[in-house]
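Architecture at a glance
If you want the building blocks of each chain, they are given just below.
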Amino acid sequence: MTTTTSTTAAPTEAAATASTVATASTADAPALIRFRPTGLDTAPEVNALLERLGLGPFAPDGLTAFGGRNDNWAGTTTRGRQVFVKTVARAPDGSRPEIDRALAFEASAARLPAGSPLRTPEHLGTDRESAVSAFRLLPGSRSGSEVALDGDFDEALCREAGRAVATLHTLGTAGGASDGASDGASVGEDPDSASAPAIDTGEAPLPPMRWLRAFPWSEVQDRSMAQIAAWKLVQDDTEVVAALHRLRERERTAPHTPAHCDLRFDQFLVHDGRLFLCDWEEFRLADPARDVGAFVGEWLFQATYSVFAPTGEPTSAKDAVAPGFDLSHEEIVERGAAGLRHHIPRIAAFWQGYTECRTPDPELAERAVAFAGWHLYDRLIATAQAHAVLNPVARAAAGIGRTLLLNPVGAVATLRLADPAVPHPAVTPAAVVPTAVLPTAVAHPAQPHPADAPSGSPR
């Protein structure tokens, strides 16, 4: 059994198999959703790692977990250390590719000096054999998804996110080595970096190209009806399938950099007013446009949900999932334009921060728009897991994704990913919503297909 330690790293998408929700809030702070973690008696490797690291086992009082797909625990040890521990699943062949990719990130990030725009919670140690990692807990931190829903993921934070992602994309270069390091980490080489796994050079798994032709029968039983219906929106649209194949080809010939490859709002943490980026299980050499497009896609997904919120913008999770079946086309256009006007400045702030720290290749913005289109399909497939049918929100997201995939160059300026010195077009209902987004969302994917049935995503 091997235990590794490093000076930098990050807890990934916090996870729990828990069922009971707990909230921790004050009168002045939003409630933070927490869960009851899996019992430690069924995961003895957790306390075993903490004791080997000299932290002491978890104290049972106050032990909680965060949402997500992996078991995790957050609390205080018997020696007073606040710690977050998570496990990741092994591959069917017994290998641990997710742990290896995360350790490769930490070895790369350990070479960065203090003051980096790229911050990650301090990595305390990993037991590779049992696929368990421990990190310094950031008490009171809020996930980026919570911050976005509360309306607090403002332009300043988006610019900070752009700087962090650009710094990630320079890891291993002269510029990256001088741009900064994880907050709270000591400067210098990680003592285990020489034995750390190599950075993964394999192709990112999403979109799963073989699923564009046919959905594997072996996957059907694990997918909801709405997920299979969402996949049919992709598979039955020959233009979208062709666009995804073109995007894959462009990705293969694009300059590759270290990349996150699973970027979503919930991979960010806000702690004491500073932004941290987490979850490195998909870290690899890839097209940097994947990360840029994912961030853009997150805001477009938010804009889509705002169409169906009662006020035109989601102010809570409850508002964000309003069904919206009774909206007229005119109301959809008006609310879509309002959502775009609200969120595009945040996309622009992200791009400003990104270009402040890294000069993108000439075609990165165009590829990023196409990846934003795929991200919308990916998110609607993932969020359809708990539903039997696709609602108008999901279908609208598919329409936006389709538009971006088929004509990425046409949306670069609208989404403010062009040269910052070039004047950008005004975002108006007439100029943007009917031609670029919502009519496609309503007129193409919204048509019911006679074979609409279960769907699924490789998530």
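You'll find the structure just up there.
Residues numbered from 1 in each chain as written. Predicted model: local features only at pLDDT ≥ 70, side-chain atom pairs only at ≥ 80, totals over all residues. Heavy atoms only, no water.

A closer look at the nonpolar core
If you look at soluble globular proteins, the nonpolar side chains tend to sit buried side by side. Counting 84 residues, the largest nonpolar core has Phe153, Phe295, Leu380 and Leu415 as the members making the most contacts within it. For this core, the leading source of residues is helix H12 (residues 364–383), giving 12 residues. (Core = buried A, V, L, I, M, F, W, Y, C linked by side-chain atoms within 4.5 Å. Buried < 20%, exposed > 50% of the residue type's maximum accessible area, 1.4 Å probe, protein only. Helix = DSSP H or I, 4+ residues; strand = E, 2+ residues; numbered from the N terminus.)

Overview of the sheet that holds strand E10 (residues 268–271)
The sheet built from three strands is open, its strands ordered E8-E10-E11 with antiparallel pairing. Taken across any chain shown, the strands that pair with only one partner, and hence form the sheet edges, are strand E8 (142–143) and strand E11 (274–277). Of the strands in this sheet, E10 and E11 touch helix H4 (residues 155–168), which is tilted by about 40 degrees from E11. (Pairing = 2+ DSSP bridges. Contact = heavy atoms within 4.5 Å. Axes fitted to C-alpha atoms, helices over the stretch in contact; angles between N-to-C directions.)

As for helix H1 (residues 44–52)
Of the positions making up H1, those classed as buried are Val46, Asn47, Leu49 and Leu50. Seen from one end, H1 has its buried residues packed into an arc of 155 degrees, which puts them on one side. The exposed set on the far side of H1, more than 90 degrees from its buried face, consists of Pro44 and Glu51. Positioned one or two residues after H1, Gly54 has a phi angle of 80 degrees, which is positive. (Arc of directions from axis to C-beta.)

Overview of the packing of aromatic side chains
Aromatic rings considered in pairs are described by the distance between their centres and by the relative angle of their planes. The final tally for this structure, using the stated rule, is 17 aromatic pairs. Relative to Trp299, the ring of Phe265 lies with its centre 4.8 Å away and its plane at 65 degrees, an arrangement referred to as edge-to-face. A residue pair is termed long-range when its members are at least 10 positions apart, and Phe265 in the loop between strand E9 (257–259) and E10 and Trp299 in helix H9 (residues 289–307) qualify at 34 residues. For Phe265, a relative accessible area of 3% gives the class buried. (Phe/Tyr/Trp six-rings, centres within 6.5 Å; stacked < 30°, edge-to-face > 60°.)

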